[in-house]
Amino acid sequence: MAKNFRELIDDLRAAGQLIDIQKPVDIRHIATLVDQSDKALMFSNVNGYDMPVISGVTNSRERLAIAAGCDFSEIESRLRDGLDHPVQPVFVNTGPSRELMYQDNEVDLFNLPIPLFSILDGGPMITAGITLSRDPDEGADASINAGVYRYLVKEKNLTGIDIVTPNNLHLYAAKAYEKGEPLPISINIGTHPFELICSTYKARAGVSELGIAGGMRGAGVSLTQCHTIDMPCIADAEIVLEAEILPTGWTQPEGRFGEFTRLMGGLHWNPLVRIKAISARKEAIYYALHMPWENIWPSGPIYEANVRRVLDEAGVNVTAVNITPGGCCHWHAIVAIRPLPGDGKNAITAALSVADMKHVTVVDHDIDIFDPVDVEWAVATRVQADRDVVIISGARSKPLDPSIPPAGPYSRVPTTAKMGIDATIPDNVPRERFHRIEYAYADDVKLSDFLGPAEEGVTPTLDIAVEELATKIEILITKEPLYFSELCEKFIDFGFQSVTRAVGSLHQKGTLWQDPEGRFCLKESTFAAKAPER
């Protein structure tokens, strides 16, 4: 597994998941070229800039798996390991991110190849900056908070920042604003995806996102001290911006921007950020996190870990969780469980408590939750809307949800309605209603064996009188009910037609009957189904 961003680039290239673009490229074309590619792209010759640009690093399951050094399906368990066994950051005297330093008048964001993404964006936007901050009330010993925010470049040393959503950095900036003081932050661009994933994890106050990343890595994230602010930065980042959120309040226009919703966000009102210094590795590579998919795909393991955690605490036996890309890996979950009575509803209420989760579908473990046809089939055949649909009004929401009306005058944060569908098999419906169609010998017989010219003759069968075979069948079904296919298998040596004739003989005698699941038994036996009263 790659230890840092540079090693990851090498791993992607070795796996055929990175295309090197050598031809000159207009920076305005980068976003659409990445959108057209099924690989990450490295632009080595960006017109007007000395620094290369890489994008599309995490916008597929395959590349996330390479970064994590495991199958994509295992990333969630790696994240849970990080949550359960965090490894705190380690401080080092220096690092690659300190090799070049620009301060004061040397600070010039316009020298960085920051692309334009959407045609409706408010301007060039820094998208991959892991932001480190502290609670200003707690001083230098406070735990370090990590998050990912966008920075709209406004001047050579001034940006916007989007912190309209209530979160830890919003709280810290508000505290600093009340004091009339700037809030120091470091913005770390070009880090291992573990840091990105954990920085977007909604940890409660006091939980170290970098500690979670260290737990995923199996080693603490290396930090080193900034030069111009009292904050650390990630030692092996490609680029670090030493900055302060200015005490302007939420008064400056910021945005618009193409969000993880795959839609354009609106104009927001936010503080300004002053960049005091820029440090970088030698021959640094600018990482332009491509929206929306480089935000969507890494969110899947985060929400899966959260959903599994709350369901485990609710005592629900979970077999699989799918955080769907159609729900932007934020809003929709499909959960497979081995339910006890009532677990379907319990699973819904627990899963909907997770952060931004909006719609949850709960199914039995026999459903393939990664097959939308199978999930829809479960909803179609196992759900009664008045019994199995749960709606919760007035729940906390993500303001970026475009279906929510704008916030009213008394609340800046709108609420949402959440919905759950319990598509587990109802407890009061006979299980045989849900037996799937299974074709005889599906595991043994393959079509490919029967294509081409005939090579062998018909397999001979043994001769037996119909009544003799009927007697053998009668003895068997006296002991236990059997399906017709089971009778065929037990008497395969006599051939299919002999079995059908023998069963027909028993029916003609009036001794043959069926149990409630359709298996053959004797008419007067305890297994026999009773006809309904009319």
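Up top is the structure these notes are about.
Being a predicted model, the structure only gives us computed values, none of them experimental.

1. Describing the sheet that holds strand 19 (residues 318-323)
Here is step 1: With mixed pairing, the five strands of this open sheet are ordered in space as 19-20-21-23-22. Two strands lie at the open edges of the sheet, namely strand 19 and strand 22 (389-396), each paired on one side alone. This sheet shows a mean twist of 15° between the axes of neighbouring strands, independent of strand direction.
Here is step 2: Bridge count for strand 21 (residues 359-364) against strand 23 (residues 415-423) is five bridges, and the pairing is parallel. Counterpart to V363 in the pairing with strand 23 is A423.
Here is step 3: On top of the sheet, helix 9 (residues 343-351) reaches strand 20 (332-337), strand 21, strand 22 and strand 23; it is set at about 155° to strand 23, its chief contact.

2. A look at a negative patch on the surface
Here is step 1: The grouping of E438, D443, D444 and E489 at the surface amounts to a negative patch.
Here is step 2: One can find E489 in helix 13 (residues 484-490).

3. Examining the packing of aromatic side chains
Here is step 1: Taken as a whole, this structure holds eight aromatic pairs when the rule is applied.
Here is step 2: Aromatic pair W293 and W297: ring centres 6.1 Å apart, planes at 35°, arrangement tilted. With W293 and W297 both in helix 8 (residues 293-313), this residue pair falls four residues apart, about one helical turn.
Here is step 3: Plain terms: the ring middles of F484 and F520 are 6.4 Å apart, the flat faces sit at 75° to each other, and that makes the pair edge-to-face. Of this pair, F484 sits in helix 13 while F520 is found in strand 25 (residues 520-522), placing the two residues 36 residues apart along the sequence.
Here is step 4: Given the relative accessible area of 27%, F484 is considered partly exposed.
Here is step 5: Among the residues examined, F520 registers a relative accessible area of 15% and is labelled buried.
Here is step 6: Ring pairing ties together the aromatic residues F72, W293 and W297, which thus form one cluster.
Here is step 7: If you follow K358 out to its NZ or CZ, it ends over the ring of W331, 5.7 Å from the centre.

4. Focus: the nonpolar core
Here is step 1: Formed by 119 residues in total, the largest nonpolar core has its most connected members in I239 and L241.
Here is step 2: Once residues within four sequence positions are removed from consideration, I239 is found in contact with M51, L112, I187, N188, I189, I278, S279, A280, A284, I285 and Y286.
Here is step 3: One finds I464, I473, F491 and F520 within the second-largest nonpolar core, a separate group that totals 17 residues.

5. Describing the pattern of salt bridges
Here is step 1: Scanning the entire structure with this criterion turns up 28 salt bridges.
Here is step 2: Between R519 and D515 there is a salt bridge, and its shortest N-O distance comes to 2.7 Å.
Here is step 3: Connected through salt bridges with shared partners, the residues D364, D366, D374, R382 and R436 form a single ionic network.

6. A few points about helix 14 (residues 496-509)
The α-helix winds at 3.6 residues per turn, so residues separated by three or four positions along the chain end up facing the same way.
Here is step 1: Between the first and last C-alpha of helix 14 there are 20 Å, a value that for 14 residues agrees with the 20 Å anticipated at 1.5 Å per step.
Here is step 2: Along helix 14, the residues that are buried comprise V499, A502, V503, S505 and L506. Along the axis of helix 14, the buried residues cluster in a sector spanning 150°; they form a single face. In helix 14, the exposed positions angled more than 90 degrees off the buried face are occupied by F496, H507 and Q508.
Here is step 3: On its buried face, helix 14 is in contact with helix 12 (466-479), helix 13, strand 24 (512-514) and strand 25.
Here is step 4: The positive-phi residue at the C-terminal boundary of helix 14 is G510, with phi of around 85°.

Calculation criteria
Residues numbered from 1 in each chain as written. Predicted model: local features only at pLDDT ≥ 70, side-chain atom pairs only at ≥ 80, totals over all residues. Heavy atoms only, no water. Pairing = 2+ DSSP bridges. Helix = DSSP H or I, 4+ residues; strand = E, 2+ residues; numbered from the N terminus. Axes fitted to C-alpha atoms, helices over the stretch in contact; angles between N-to-C directions. Contact = heavy atoms within 4.5 Å. Patch = residues over 30% accessible without salt bridge, like charges linked within 9 Å, V, L, I, M, F, W, Y side chains within 5 Å. Areas by Shrake-Rupley, 256 points an atom, 1.4 Å probe, with all protein chains shown as cover. Salt bridge = Lys/Arg side-chain N within 4 Å of Asp/Glu carboxyl O. Lys, Arg positive; Asp, Glu negative; His and termini not counted. Charge placed at Lys NZ, Arg CZ, Asp CG, Glu CD. Phe/Tyr/Trp six-rings, centres within 6.5 Å; stacked < 30°, edge-to-face > 60°. Buried < 20%, exposed > 50% of the residue type's maximum accessible area, 1.4 Å probe, protein only. Lys NZ or Arg CZ within 6 Å of the ring centre and 35° of its normal. Core = buried A, V, L, I, M, F, W, Y, C linked by side-chain atoms within 4.5 Å. Expected span 1.5 Å × (residues − 1). Arc of directions from axis to C-beta.

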